[in-house]
Every structure is written in C-alpha cells, then in structure tokens.
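Chains, contacts and geometry: an overview
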Amino acid sequence: MSSGNRSSNNHLSRASLGDSKPLKLPAASREKIQKELKRYERRESALIPALFEAQRVFGWISQEVIDLLAMEMDIPHSRVAEVSDFYTMFNKKPVGKYHIQVCTNISCAMVGARETADYICSKLKLKLEDVSSDGRFTVSQVECLGSCGTAPMAQINDDYHENLTHEKIDKLLEKLK
C-alpha cells in the first residue's frame, strides 16, 4: 500500500477545502474493510488494516475519520480512537504529499540523524511537522524504523532511503519536486 498514491489534497482538512459534506469511504475501501471484518473473530482485530485504508484514502486520521470507521465497523468510537492514537504510523494531523520521516532513534542519532532532519528542513524551508506551503512535504522525526545498520535513514511515504548523505538527500528532494 503506497501512501504516495494519495491525491495532493488529502493532507488538507475538509473544512479548509470548504467541504461540509459528510465524509464517505469509497466503495472499494468499504469492501476492503468489510472483508477484513470477516477475517477475524473480533471486530477490533480489523482496526489496523481499516485505519491504514482510511489513511491511504484521506491522508490522515481525523476525528471525522474515526467517527466514520466506528460507524462502518460497528465498533465504539473510543476503541477506534485509542488504537489510532497508540500507533505512531497513523498521522494525527495533515501531512504533505511526501511525508519524510527521519529515524532519530539511538543508532541513527549516533550518526547524525537529527542533523539529517535539520538539513532536509532547511532545504525545504520548513519546520518539523509543518506542511510546506505547496502541500507537498512534511518532515517528521520518528522512533526506530528498523534499519539501524544503514543509518541515517528516512522513510518517504512507504519507501526507505538509507545511508543518507547531503548529496543523496539533494537528489531525492530534486526527484520529488
């Protein structure tokens, strides 16, 4: 599942787009979620795949998305909210089309991960967690992405980029612009 397939407006809230219509899942997404619900004895077991599908469609997990999934899955709102809040892979606020997550855990930190994140932010002229004015980029620092031997590294949407140097970062950013 590639979050790179999101439409460029998914990082924006519906209110900022002037859209007051109720949020709806596309039919294909509803089918996927219903299929997941049938796989498990307990409905809650399908929450992570359902949250991933909703994030793929909407770009982030808003309160409106939590409400929608709670209704779609017939699960208490509080349960959907606690699962989405617990796992860091679910975006809690809008992100750019390209979400650059720089691992800053110990192995990456020891070889310059924080400086790597700072360099990316300076190249894009934005602060950590902000969405660029064109809606294309967000840079976040995250905990371990499981690529300790190839640090420093970053995940851009679903793709890993390892052994990062300023030169590699420059080339990556140029491709994304």
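**Describing empty space enclosed by the protein**
Tallied over the full model, the rule gives one cavity of 30 Å³ or more. The space that makes up the largest cavity amounts to roughly 50 Å³. Lining the largest cavity, in full, are Ile100, Ile120, Ala154, Ile156, Leu164, Ile169, Leu172 and Leu173. Of all the secondary structure elements, the ones that give two or more residues to the lining of the largest cavity are strand 3 (154–156) and helix 7 (166–176). Grouping the constituent residues of the lining of the largest cavity by class yields eight nonpolar, no polar and no charged.

**Remarks on unusual backbone geometry**
Following Ala151, the chain continues into Pro152 via a peptide bond in cis, with omega recorded as -5°. Here Pro152 is to be found in the loop between strand 2 (137–142) and strand 3. Despite not being glycine, Lys125 shows a phi value in the positive range, around 55°. Structurally, Lys125 is set in the loop between helix 6 (113–124) and strand 2.

**As for the sheet that holds strand 1 (residues 98–103)**
If you walk across this open sheet you meet the four strands as 2-1-3-4, and the pairing is mixed. The strands lining the two open edges of the sheet, one partner per strand, are strand 2 and strand 4 (159–161). Geometrically, the sheet is characterised by an average inter-axis angle of 25° between neighbouring strands, direction not taken into account. Examined bridge by bridge, strand 1 and strand 3 share three bridges and lie antiparallel to one another. Across the sheet, the residue bridging to Val102 is Ala154, located in strand 3.

**A word on the nonpolar core**
Counting 25 residues, the largest nonpolar core has Ile100, Val102, Ile120, Leu124, Phe137 and Val139 as the members making the most contacts within it. Secondary structure elements with two or more residues in this core: strand 1, helix 6, strand 2, strand 3 and helix 7. By residue number, the principal contributor to this core is helix 6, which donates six residues. Residues in contact with Val139, not counting those within four places in the same chain, are Ile100, Val102, Ala117, Ile120, Cys121, Leu124, Leu126, Leu128, Glu129 and Asp130. Grouped together as the second largest cluster of nonpolar side chains are 23 residues, Leu51, Val57, Ile61 and Val80 included.

Procedures and definitions
Residue numbers here run from 1 along each chain, matching the order of that chain's written sequence. Confidence filtering applies because this is a predicted model: local features only for residues at pLDDT of at least 70, side-chain atom pairs given and counted only at 80 or more, and all residues used for totals across whole chains, interfaces and linings. As a rule here, side-chain values cover all heavy atoms of the structure and leave hydrogens and water aside. Cavity means a closed set of points on a 1 Å grid over the protein atoms alone, one where a 1.4 Å probe fits but cannot get out, pocket means an open set with protein on both sides within 12 Å along at least 5 of 7 lines, and lining means a residue has an atom within 4 Å of a point. Grid points are joined across faces, edges and corners, and a volume is the space filled by probe spheres set on the points. Strands here mean DSSP runs of E at least two residues long; helices mean DSSP runs of H or I at least four residues long; both are numbered from the N terminus. Here the term charged refers only to Asp, Glu, Lys and Arg, the term nonpolar to Ala, Val, Leu, Ile, Met, Phe, Trp, Tyr, Cys and Pro, and the term polar to all other amino acids, Gly among them. Two strands pair under a simple rule: DSSP has to find at least two bridges between them. Axis geometry follows a simple rule: fit a line to the C-alpha atoms, using only the stretch in contact for helices, then measure angles between N-to-C directions, giving values from 0 to 180 degrees. By nonpolar core is meant a set of buried Ala, Val, Leu, Ile, Met, Phe, Trp, Tyr and Cys residues that side-chain atoms within 4.5 Å join together. Throughout this description, buried means an accessible area under 20% of the type-specific maximum (1.4 Å probe, protein chains only), exposed means over 50%, and partly exposed covers the range between. Here a residue-residue contact requires only that any non-hydrogen atoms of the pair lie within 4.5 Å.

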